[in-house]
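# Remarks on the overall topology
One letter stands for each residue in the lines below.
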2 protein chains.
Amino acid sequence: MKRTKKERQNQLLETIEETPFVTDEELAEKFNVSIQTIRLDRLELSIPELRERIRLVAKKQFNKVKALDPEEVIGEVVELNLDDEAISILDIGAEHVFARTGIARGHHLFAQANSLAVAVINDEMALTAKAEITFKNQVHQGDRVMAKAKVTRAEREFTIVEVNSYVKRQQVFRGVFMMYRSRPQKKSKISNP
Amino acid sequence: MKRTKKERQNQLLETIEETPFVTDEELAEKFNVSIQTIRLDRLELSIPELRERIRLVAKKQFNKVKALDPEEVIGEVVELNLDDEAISILDIGAEHVFARTGIARGHHLFAQANSLAVAVINDEMALTAKAEITFKNQVHQGDRVMAKAKVTRAEREFTIVEVNSYVKRQQVFRGVFMMYRSRPQKKSKISNP
């Protein structure tokens, strides 16, 4: 069904409101128009490009981080509810990949996930004790990795944080982190949602 | 027992021959003299400082690395026997620690260990599938971390590499890495030593 320009732009606004990290490519596909059309729509509607939208959202989360300096988080934190859940975005550049294969090096995905696991802790200090990690699919230069951290258990002495990372909808990484924190928790367990 | 200077210098030469990565501090303690005396001894004997000794040994290992570009290894590889074992050294600088605590960030210890686990593989390509890691003790700025990798199992499809990292004699990190390689191995199992 062919939409009018007005209809498309209204739906475009709604879509970006609901899913702020959608790319121009994904929008073009969704609305069955060219990427150039999407860019012109965004210009007319004064919607900043994706990179800028991420930066604006990340800026709002910046001061929530407690357990490390915000600039020490690897990737941009776009959502953060302390002791509950957090999301960060890392764009894979040339500096993150093996020269020979263009495949992202594991320690960058680990660093994104581990620093998010630290950032989600509502405490002045949090240290990683153990981690079990799985690299599920290869990540390449140009990919945008979205890491989602979830506190799944909070004992007196430690907190378990699960981090699952995705490129588009494909899972690329999973890590279960056991974190020590400086102040023991009162709650003995956080229920799973 | 007081040694003559000649005796001490002979024993110093032997000690550095046997344990090339010994520090001036450790030598001073061993021979019960000042660090300054050790430095003068090294000057007279034309023994380069530790940093330079590491660099010289690392240079010899440089061309042995197959599964990644040698400069992609995090740390200096000072020993490498492909599909068997490897050792690397990483000096923890300000860029490796949390600003607030001066404690080394986990992903740097992980990067040293993981890249050594890749480097030890005798293959054009090796990728990490899974890892179980433990941070056993805190590492601080100024510490020198020695990572020791050992191939403990080589199945057709994957190779298991265990990496244990130490600061002086204290273990600080342990990682068990399951690595995929591009060419399946013929040997079904490497015996443990």
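Just so it is clear, the structure is predicted and the values come from calculations on it, not from any experiment. (Residues numbered from 1 in each chain as written. Chains lettered and ligands numbered in written order. Predicted model: local features only at pLDDT ≥ 70, side-chain atom pairs only at ≥ 80, totals over all residues. Heavy atoms only, no water.)

### Details of the side chain of Arg8(B)
Quick note on the threshold: Helix and strand assignments follow DSSP, with helices taken as H or I runs no shorter than four residues and strands as E runs no shorter than two, numbered in order from the N terminus. Note on exposure labels: buried denotes an accessible area under 20% of the residue type's maximum, exposed denotes more than 50%, and partly exposed covers the range between, all computed with a 1.4 Å probe on protein chains only.
For Arg8(B), the position within the fold is in helix H1 (residues 5–18). Take Arg8(B): its relative accessible area is 11%, and that puts it in the buried class.

### As for the domain arrangement of chain A
We apply this condition: Reported domain spans reflect what an automatic or database domain assignment gives.
Segmentation of chain A into domains returns domain 1 (5–47) and domain 2 (63–181). The straight-line distance from the C-alpha centre of domain 1 of chain A to that of domain 2 of chain A is 29 Å.

### Side note on the UniProt feature "domain: Thioesterase" (unreviewed entry) in chain A
The line we're drawing: UniProt positions are given in the numbering used here, feature names are shortened, and annotations may be inferred rather than shown by experiment.
Residues annotated by UniProt as "domain: Thioesterase" (unreviewed entry) correspond here to residues 110–165 of chain A. Between the end C-alpha atoms of residues 110–165 of chain A the distance is 10 Å, and the span holds 18% helix and 52% strand.

### Things to note about the packing of helix H1 (residues 5–18) of chain A against helix H2 (residues 24–31) of chain A
Helix-helix packing: each pair is described by the crossing angle between the helix axes and the interaxial distance. Residues and elements named next belong to chain A. Definition in use: Lines fitted to C-alpha atoms define the axes, with helix axes restricted to the stretch in contact, and inter-axis angles between N-to-C directions lie between 0 and 180 degrees. Roughly parallel refers to an angle under 35 degrees, roughly antiparallel to one over 145, roughly perpendicular to one between 65 and 115, and oblique to any angle outside these ranges. In this scheme the handedness of a crossing depends on how the near helix is turned from the far one: anticlockwise by less than a right angle means left-handed, clockwise means right-handed. The contact criterion used throughout is that any non-hydrogen atoms of two residues lie within 4.5 Å. Classification convention: Asp, Glu, Lys, Arg as charged; Ala, Val, Leu, Ile, Met, Phe, Trp, Tyr, Cys, Pro as nonpolar; all other residues, Gly among them, as polar.
Packing of H1 against H2 leaves a shortest axis separation of 12 Å and a crossing angle of 135°. Overall, the two elements H1 and H2 adopt an arrangement that is oblique. By crossing handedness, the relation of H1 to H2 is classed as right-handed. Note on element contacts: H2 touches H1 through Leu27, Lys30 and Phe31, opposite Arg8, Gln11, Leu12, Thr15 and Ile16. For the contact of H1 with H2, the residue count by class is 4 nonpolar, 2 polar and 2 charged.

### Focus on the relation of the copies chain B and chain A
Here is the rule we go by: All copies are superposed by least squares; the fitting set is the C-alpha atoms of residues with a pLDDT of at least 70 in both.
You can overlay chain B on chain A at an RMSD of 0.1 Å; the transform is a turn of 180° with a shift of 0.0 Å along its axis. Here the two chains are linked by the operation of a two-fold rotation axis. Across chain B, the rotation axis passes nearest the C-alpha of Glu132(B), at a separation of 2.3 Å. Both copies share a contact surface, since 100% of the interface residues of chain B are interface residues in chain A too.

### Quick look at the layout of surface pockets
This is how the line gets drawn: Cavity means a closed set of points on a 1 Å grid over the protein atoms alone, one where a 1.4 Å probe fits but cannot get out, pocket means an open set with protein on both sides within 12 Å along at least 5 of 7 lines, and lining means a residue has an atom within 4 Å of a point. Grid points are joined across faces, edges and corners, and a volume is the space filled by probe spheres set on the points.
Of the voids in this model, the largest pocket is the one considered here, and its volume is about 1,100 Å³. What lines the largest pocket is a set of 32 residues, among which Phe21(B), Val22(B), Thr23(B), Glu26(B) and Met146(B) lie closest to the centre. Contributions of two or more residues to the lining of the largest pocket are made by H1, helix H2 (24–31), helix H3 (35–45), helix H4 (50–61), strand E1 (76–81), strand E2 (85–91), strand E4 (144–154) and strand E5 (158–167) of chain B. If one sorts the elements of the lining of the largest pocket by residue count, H2(B) sits on top with 6 residues. Of the residues in the lining of the largest pocket, the class split is 11 nonpolar, 4 polar and 17 charged. Here the lining of the largest pocket spans two domains, since at least three of its residues come from each of domain 1 (5–47) and domain 2 (66–181) of chain B. Roughly 910 Å³ of volume is contained in the second largest pocket. Together, 27 residues line the second largest pocket, and Phe21(A), Val22(A), Glu26(A), Met146(A) and Lys168(A) are the ones closest to its centre. No other element matches H2(A), which puts 4 residues into the lining of the second largest pocket. Here the residues of the lining of the second largest pocket sort into 11 nonpolar, 4 polar and 12 charged. Taken domain by domain, the lining of the second largest pocket gets at least three of its residues from each of domain 1 (5–47) and domain 2 (63–181) of chain A.

### Looking at the pairing of strand E3 (residues 126–135) of chain B
As a reminder of what qualifies: Here the rule is simple: two strands pair whenever DSSP picks up at least two bridges between them.
Judged by how many residues are buried, E3(B) sits mostly within the fold: 8 of 10 residues are covered. Of the strand pairs in this sheet, strand E3 (residues 126–135) of chain A and E3(B) are connected by 5 bridges, and their pairing is antiparallel. Its bridge partner lying in E3(B), Ile133(A) is registered against Ala131(B). When E3(B) meets strand E6 (residues 170–181) of chain B, the two strands line up antiparallel, connected through 9 bridges. Within E6(B), the position partnered with Ile133(B) by the bridge is Gly175(B).

### Description of the nonpolar core
Going by this rule: Think of a nonpolar core as a cluster: buried Ala, Val, Leu, Ile, Met, Phe, Trp, Tyr and Cys residues, connected wherever their side-chain atoms sit within 4.5 Å.
Counting 74 residues, the largest nonpolar core has Val161(A) and Val161(B) as the members making the most contacts within it. Each residue touching Val161(B), except ones within four places of it in the same chain, is listed here: Ala117(B), Val120(B), Ile121(B), Ala149(B), Lys150(B), Val151(B), Gly175(B), Val176(B), Phe177(B) and Met179(B). Core analysis: the second largest hydrophobic core is formed by 9 residues, Ala28(B), Val33(B), Ile38(B) and Ile47(B) among them.

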